[in-house]
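Here's the letter readout for the chains.
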Amino acid sequence: MLSYLVCATPRSGSTLLCHLLDQTGIAGHPEEYFEALRHSGLPRRPDEYFDPERHANIIERLAFRELPDAAPRPNALWQPETYDRYLEWAIEQGTTPNGVFGAKVMWGYLGDFAQLLRGIEGLAGLPMPELLNRVFPGLRYIQITRKDKFRQAISLWRAVQTQAWRQEADRSASTTAEPQFSFRAINYLVRLLTAHDASWDAYFLGLGHQPLKITYEDLAEDPEPAIHDILTQFGIPAPASLEISAPRLKIQSDELSEQWFTWVHEHLSALESPDSIPLARTER
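Residues numbered from 1 in each chain as written. Predicted model: local features only at pLDDT ≥ 70, side-chain atom pairs only at ≥ 80, totals over all residues. Heavy atoms only, no water.

Some points on the pattern of salt bridges
Tallied over the full model, the rule gives seven salt bridges. When the shortest N-O distance is used, the salt bridge between E130 and R134 registers 3.4 Å. Residue E130 and its partner R134 are located together in helix 5 (residues 128-135), separated by four residues, close to a single helical turn. Across the salt bridge formed by D197 and K149, the nearest N and O atoms sit 2.7 Å from each other. Of the two residues, D197 is situated in helix 7 (residues 183-207) and K149 in helix 6 (residues 149-162); the sequence distance between them amounts to 48 residues. A residue is classified by how much of its surface remains accessible, and K149, at 14% relative accessible area, is buried. (Salt bridge = Lys/Arg side-chain N within 4 Å of Asp/Glu carboxyl O. Helix = DSSP H or I, 4+ residues; strand = E, 2+ residues; numbered from the N terminus. Buried < 20%, exposed > 50% of the residue type's maximum accessible area, 1.4 Å probe, protein only.)

Following this line, the structure appears as structure tokens:
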């Protein structure tokens with residue numbers, strides 16, 4: 001059996017990468033099986049991205065938004081006391097008939113995931129690399145990053161407000177309330193995403209070998225070479241007829257994202273020269 005983890009940060013292109021790998025039919029079904037906080041069994045709610053004391057105004061702004069799926073529920077098998085049952089289900093779901101398992105792991109959930117795994121009999125006290133190697137046979141790593149952290153943070157701030165994490169190419173845009181610009185929120189998320197990427201780098205440095213690295217920018221420009229490289233590097237035999245077709249996922253960057261990108265850089269310029277930004281813009 002071969003296992004791999006797509007190691008990522010939010011809005012780094014990991015959903016696109018996992019979709020393309022799943023589409024091959026021979027590279028597992030990599031999904032966000034382990035993207036859950038230990039206290040809830042669910043992904044972070046919007047306010048959980050921010051510090052209640054340092055970012056009270058941001059959290060207050062989020063509290064007034066009407067979000068879809070206001071009361072999501074964890075998987076029926078997800079229980080910290082019997083996490084081995086959920087893990088068994090996830091591995092079954094994420095494995096293709098050729099014995100390849102794939103999953104996505106965000107740095108922001110890795111600590112909680114490790115705590116849950118250490119609650120399984122025989123896994124308590126294991127250091128992270130050994131823990132993951134024990135759970136996932138033949139483990140390999142893919143690390144996907146996004147070079148432009150400001151565009152990544154803008155995308156994350158929009159998704160946090162709308163909870164629209166992916167958009168199918170044949171579907172209309174979300175009907176939720178229009179997201180609002182916040183330089184403070186975006187600037188904080190830039191630092192958070194940078195720190196999480198650095199934490200992945202430190203993990204692999206401690207591991208003693210580098211993962212297979214992919215950038216969002218390269219993947220979005222031409223996905224086919226990246227997918228074929230993964231299959232080759234992992235020794236997954238691919239039929240000669242394998243084609244990497246255009247993804248159903250639609251890139252969510254649009255005119256609003258570009259406008260926010262401009263505003264962010266106006267604010268950054270204002271930090272060096274306060275007279276360089278219109279007064280009205282500073283209130284956003």
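Observations concerning the confidence of the model for the protein
Confidence in the prediction of the protein, expressed as mean pLDDT, is 88, and 86% of residues score 70 or more. Counting interchain partners and residues more than four positions distant, the pLDDT-below-50 stretch residues 168-175 has nine contacts. Confidence over residues 279-284 falls short of pLDDT 50; this stretch has nine contacts with residues more than four positions distant or in other chains. (pLDDT = per-residue confidence, 0-100. Contact = heavy atoms within 4.5 Å.)

Focus on helix 3 (residues 83-93)
Within helix 3 the residues assigned to the buried category are Y83, Y86, L87 and A90. Down the axis of helix 3, the buried set is contained in an arc of 100°. They therefore lie on one face. Turned more than 90 degrees away from the buried face of helix 3, the exposed residues are E88 and E92. Close packing links the buried residues of helix 3 with strand 2 (100-106), helix 4 (107-118) and helix 5. (Arc of directions from axis to C-beta.)

Re the nonpolar core
Counting 53 residues, the largest nonpolar core has L17, L21, F50, I142, W157 and I214 as the members making the most contacts within it. The biggest single contributor to this core is helix 7, with eight residues. One finds C7, W78, V105 and V135 within the second-largest nonpolar core, a separate group that totals 31 residues. (Core = buried A, V, L, I, M, F, W, Y, C linked by side-chain atoms within 4.5 Å.)

Looking at the packing of helix 6 against helix 7
Two elements in contact, helix 6 and helix 7, have axes whose closest approach is 8 Å; the angle formed by their N-to-C orientations is 115°. Our classification of the angle between helix 6 and helix 7 gives roughly perpendicular. The two elements helix 6 and helix 7 meet at a crossing, and its hand is right-handed. Residues K149, F150, Q152, A153, I154, L156 and W157 of helix 6 pack against A185, I186, N187, L189, V190, L193, T194 and D197 of helix 7. The class makeup of the residues in the contact of helix 6 with helix 7 is 10 nonpolar, three polar and two charged. (Axes fitted to C-alpha atoms, helices over the stretch in contact; angles between N-to-C directions. Parallel < 35°, antiparallel > 145°, perpendicular 65-115°, else oblique. Left-handed = near helix turned anticlockwise from the far one by under 90°. Nonpolar A, V, L, I, M, F, W, Y, C, P; charged D, E, K, R; others polar.)

Points about a negative patch on the surface
On the surface, D218, E221, D222, E224 and E243 cluster together into a patch of negative charge. Along the chain, D222 falls in the loop between helix 8 (216-221) and helix 9 (223-233). On the basis of relative accessibility, which here comes to 42%, the residue D222 falls in the partly exposed class. (Patch = residues over 30% accessible without salt bridge, like charges linked within 9 Å, V, L, I, M, F, W, Y side chains within 5 Å. Areas by Shrake-Rupley, 256 points an atom, 1.4 Å probe, with all protein chains shown as cover. Lys, Arg positive; Asp, Glu negative; His and termini not counted. Charge placed at Lys NZ, Arg CZ, Asp CG, Glu CD.)

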